[in-house]
Amino acid sequence: MLERLRLSVQDHPWQPLTGNLPVTVSVGATGSGPGDTQRRILGAADKLLYEAKHSGRNRCVIGPVVAGGRDRSGER
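Residues numbered from 1 in each chain as written. Predicted model: local features only at pLDDT ≥ 70, side-chain atom pairs only at ≥ 80, totals over all residues. Heavy atoms only, no water.

A short note on the environment of Ala52
Here's step 1: As for its position among the elements, Ala52 is in helix H3 (residues 38-54).
Here's step 2: Sequence-wise, Ala52 and Ser26 are 26 residues apart; in three dimensions their C-alpha atoms are separated by 6.0 Å.
Here's step 3: For Ala52, the contacting residues outside a window of four places in its chain are Ser26, Val27, Arg57, Arg59 and Val61. (Helix = DSSP H or I, 4+ residues; strand = E, 2+ residues; numbered from the N terminus. Contact = heavy atoms within 4.5 Å.)

Rendered as structure tokens:
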């Protein structure tokens, strides 16, 4: 679904509004598991968003669902 959204924005005829300035979307998304906090989920998604931007923008970076409420670093 996120990739379809990204492609829809990329392929939209923005020129009448933006001239030659392209409009794109970068997405960072992650899943949640039992015991995950809002802070952990949003922090993980934010890291993935910046990973998408730093790896060329206009892309989706989706993280895994981490069981037990721990992110990749082992933190809650």
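Picking up where we left off.
Quick look at the confidence of the model for the protein
Close inspection of predicted coordinates is inappropriate for parts of the model with low pLDDT.
Here's step 1: A residue-level look at the protein finds 84% of positions with pLDDT of 70 or above and a mean pLDDT of 88.
Here's step 2: Of all helices and strands in the protein, the one with the weakest mean pLDDT is H3 (94), whereas helix H1 (residues 2-11) scores best (97). (pLDDT = per-residue confidence, 0-100.)

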